[in-house]
Amino acid sequence: MAKSVRVSFYGAAGCVTGSKFLIEWDDNKLLVDCGLFQGRKELRARNWDKPEFEPHKLSAIILTHAHIDHTGYLPLVVKHGFKGPIYCTEATKELLGLLLPDSAHLQKEQARYMNKHKLSKHKPAKPLYELKHAKETLALLKTIPRDQETRILPKCVVTPRCAGHILGSTNMFFEIEGKGITFSGDIGRYETPILPNPAPNMVGDLLICESTYGNREREVRTGEVPSHLEKVIKGVVEKRGPLIIPAFAIGRTQTLLYELAKLERAGKIPTLPVFVDSPMAVDATRIYRKFKHDFDDDSQEIMAAGENPLLTENIRFCRDRKDSKSINSLKGPRIIISASGMMTGGRILHHMKQNLSKEETTALFVGYQAEGTRGRDLIEGEKEIKIFGEKVQVRAEVEKINGLSAHGDKLELKSWIEGCDGTPAKAKIVHGEPEAASAFADLLYKELKIDSSSAKHGETIEV
Ligand SMILES: [Zn+2]
């Protein structure tokens, strides 16, 4: 009889963040993803709980992709004594070189803020981890290729394939002790720019599948984004004012650049000055360009024709504060892409503070805006918002483009599963709010006859 393999769910079970899944067999302990809990206060508080596994006893860690809700807990595990290998793709490794030091920096800022405003029960408030732990983590990263088998531990072979979610993202099939376990990772949308479609993998005994949009069907198809963007830009040209776009530095910024460059090449919009004003977005764009061999066929064709899919005709990458400030003195139609994507911090705040009260300004939102953020207030029509403690009147036009999410909807998730090689004997649904996870489990049971249920936090199942 085959020996048992156990899988435990220590994050992203009943919520969308904190992905951590432990696979155990013989004396081996493999952690799949190692993410931070983000969002609501009670979720963030979980990052401070004692880990539910012993970090120094883990044999290895493997990562599906670079997002902080899948990787941001790594420096803490290293701080607690983990010294083993952390496997990921080469692009994920490069992106982590930006994200983990930034996460350590944000931890420090948060602790400083708590101390300054006397908000912490702990005196003084401390960061979860420090820059040195992020650096020690980066030194443990080991790259593995996609689309081929790699033996990472005794009796354990992994095959990562493209998940089409962000650069370097993967879904993974593990063969352990003769059992087949598949992790969807975060599955991207089909027919989006730059990245190829999510690639099918093998499935066997167990599928662990995300469900961020497990109960939703998108109204906006990805193909409608360029025409909406074209309309917004034509308005900007007419008003001769700035177009200010808050965008996440990794993924969203590059998609926007792709769409802008494509509209320019097609002659649908005039060449406007484009400023990428965020050090992380500048570095992330450099990393995207370095991994151009991972781009989809459309992007390969653009490159074969001697063009660059991510560069508009008149583009400036602003790394220094000085460059960023110089944008403020400019006049006429221009496009400023800056972070953070929900206006919770970063250089975008300076641009918005300077321009929101002017009628010629257009503010364009291209991503989800969480409750309580300035971005959410603006798209809901707020006429006055606070930036750096000052009230700013909103006279600018506020626009929103839907359909740019990096997560597949329920139909795309289902298509990916149907395209996989085999049918899973069992599915555990993770990485979704409770309603989304249980709706997707129902869908898989009713439509694909897969024995599916939502994973519970702390639950262990035998495969
Ligand atoms: Zn992700």
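From a predicted model like this one, the values you see are computed outputs, not experimental measurements. (Residues numbered from 1 in each chain as written. Predicted model: local features only at pLDDT ≥ 70, side-chain atom pairs only at ≥ 80, totals over all residues.)

Asks: Please provide a residue-by-residue account of the overall build of the protein, values included.
Replies: Summing up its helical and strand segments, the protein has 14 helices and 22 strands in all. Relative to its length of 463 residues, the protein is compact, with a C-alpha radius of gyration of 22 Å against a globular reference of 23 Å. For the protein, the spread of C-alpha atoms along the principal axes amounts to about 75 × 55 × 40 Å. Counting the 463 residues in the protein, one finds 48% classified as buried. (Helix = DSSP H or I, 4+ residues; strand = E, 2+ residues; numbered from the N terminus. Rg over C-alpha atoms; globule rule 2.2 N^0.38 Å. Buried ≥ 20, exposed ≤ 12 C-beta atoms within 10 Å, placed from the backbone.)

Asks: Explain the sheet that holds strand β21 (residues 451-454) residue by residue, including any values.
Replies: If you walk across this open sheet you meet the seven strands as β7-β8-β9-β10-β11-β20-β21, and the pairing is mixed. The sheet is open, and its two edges are formed by β7 (150-153) and β21, each paired on a single side. Taking the axes of each pair of neighbouring strands and ignoring which way they run, one obtains an average angle of 25 degrees across the sheet. Relative to strand β10 (residues 179-183), strand β9 (residues 170-176) is paired through five bridges, and the arrangement is antiparallel. Paired with Phe173 across the bridge in β10 is Thr182. (Pairing = 2+ DSSP bridges. Axes fitted to C-alpha atoms, helices over the stretch in contact; angles between N-to-C directions.)

Asks: How would you explain helix α7 (residues 252-265) if you had to name every residue and give the values?
Replies: Relative to the 20 Å expected for 14 residues at 1.5 Å per residue, α7 spans 20 Å between its end C-alpha atoms, a close match to the ideal helical length. For α7, a buried count of ten out of 14 residues is recorded, marking the element as mostly surrounded by other parts of the structure. Along α7, the residues that are buried comprise Arg252, Thr253, Gln254, Thr255, Leu256, Leu257, Tyr258, Glu259, Leu260 and Ala261. Downstream of α7 by a residue or two, Gly267 has a phi angle that is positive, lying close to 75 degrees. (Expected span 1.5 Å × (residues − 1).)

Asks: Got a sec to walk through the pairing of strand β20 (residues 426-429)? Specific residues and values, please.
Replies: Across four bridges, strand β11 (residues 206-209) lies against β20 in parallel orientation. Of the residues in β20, the one forming a bridge with Leu206 is Lys426. With respect to chirality, the unit in which β20 leads through helix α14 (residues 434-448) into the neighbouring parallel β21 is right-handed. (Right-handed = clockwise from strand over helix to strand, strands pointing away.)

Asks: Describe helix α11 (residues 348-355), with residues and values.
Replies: Structural remark: α-helix, 3.6 residues per turn; residues separated by three or four positions point the same way. The complete set of buried residues in α11 reads Ile348, His351, Met352 and Asn355. Projected down its long axis, α11 shows its buried positions confined to an angular sector of 95 degrees, all on one face. Summarising the contacts, the buried residues of α11 are in contact with β12 (242-246), β15 (334-338), β16 (362-365) and β17 (384-387). (Arc of directions from axis to C-beta. Contact = placed C-beta atoms within 7 Å.)

Asks: Mind laying out the sheet that holds strand β14 (residues 315-317), listing which residues take part and the relevant values?
Replies: Spatially, six strands are ordered β14-β13-β15-β12-β16-β19 in an open sheet, and the strand pairing comes out parallel. Every interior strand has two partners, whereas the edge strands, β14 and β19 (397-400), have only one. The average undirected angle you get between the axes of adjacent strands in this sheet is 20 degrees. Two strands pair when backbone bridges link them, and β16 and β19 are joined in this way by four bridges, in the parallel orientation. Residue pairing for β19: Ala363 is matched across the bridge by Val398. Contacting β12, β16 and β19, helix α6 (residues 225-239) runs over the sheet at an angle of about 165 degrees to β16. On the sheet, α11 packs against β12, β15 and β16 and is oriented at approximately 145 degrees with respect to β12.

Asks: Any details on the nonpolar core? Residues and values, ideally.
Replies: Counting residues in hydrophobic clusters, the biggest one holds 126 residues, and the most contacted among them are Ile245, Ile335 and Ile337. Setting aside its immediate chain neighbours within four residues, Ile337 contacts Ile245, Ala247, Thr253, Leu256, Phe275, Val276, Asp277 and Ala281. (Core = buried A, V, L, I, M, F, W, Y, C linked by C-beta atoms within 7 Å.)

Asks: Can you break down the domain arrangement of the protein residue by residue, with the values?
Replies: Domain parsing of the protein yields domain 1 (6-216 + 407-462) and domain 2 (222-400). Across the contact, 14 residues belong to domain 1 and 19 residues belong to domain 2. (Domains from an automatic or database assignment.)

Asks: Tell me about the packing of α7 against helix α8 (residues 279-290), and name the residues and values.
Replies: The N-to-C vectors of α7 and α8 enclose an angle of 70 degrees; their axes lie 9 Å apart at closest approach. Comparing their axes, α8 and α7 come out roughly perpendicular. In this structure, α7 crosses over α8, and the sense of that crossing is right-handed. On the side of α7, the interface is formed by Thr253, Gln254 and Leu257, while α8 contributes Ala281, Ala284, Thr285 and Tyr288. Here the residues of the contact of α7 with α8 are counted per class, giving four nonpolar, three polar and no charged. (Parallel < 35°, antiparallel > 145°, perpendicular 65-115°, else oblique. Left-handed = near helix turned anticlockwise from the far one by under 90°. Nonpolar A, V, L, I, M, F, W, Y, C, P; charged D, E, K, R; others polar.)

Asks: Describe the environment of Ile62, listing the residues and the values that go with them.
Replies: Tracing the chain through its elements places Ile62 in strand β4 (residues 60-62). Overall, Ile62 belongs to the buried group, with 27 C-beta atoms counted inside 10 Å. For the pair formed by Ile62 and Ser338, sequence separation is 276 residues and the distance between their alpha carbons is 31 Å. Excluding residues within four positions of it along the chain, Ile62 makes contact with Leu30, Val32, Tyr87, Ile152 and Val158.

Asks: Give me the lowdown on the pairing of strand β13 (residues 274-277), citing residues and values where you can.
Replies: Residues Val274 and Val276 point to one face of β13 and Phe275 and Asp277 to the other, with burial holding for every one of them. Of the pairings in the sheet, the one linking β13 to β14 comprises three bridges and is parallel in character. Residue pairing for β14: Val276 is matched across the bridge by Phe317. Here β13 runs beside β15; their pairing, made up of four bridges, is parallel. Counted as the bridge partner of Phe275 is Ile336 from β15.

Asks: Outline the environment of Ser19, supporting the account with residue identities and numerical values.
Replies: As for its position among the elements, Ser19 is in the loop between β1 (6-9) and β2 (20-25). For the pair Ser19 and Leu58, spaced 39 residues apart in sequence, the C-alpha to C-alpha distance is 16 Å. Apart from residues lying up to four places away in sequence, Ser19 is in contact with Gly11, Ala12, Asp33, Gly35, Asp69, His70 and His431.

Asks: Can you tell me about the packing of helix α13 (residues 410-419) against α14, naming the residues and giving the values?
Replies: Contact geometry for α13 and α14: axes closest at 11 Å, N-to-C directions at 50 degrees. Relative to α14, α13 is oriented oblique. Like other packed secondary-structure pairs, α13 and α14 cross with a definite hand, here right-handed. Residues Lys410, Leu413, Lys414 and Ile417 of α13 touch α14, and the partners they reach there are Phe440, Leu443, Glu447 and Leu448.

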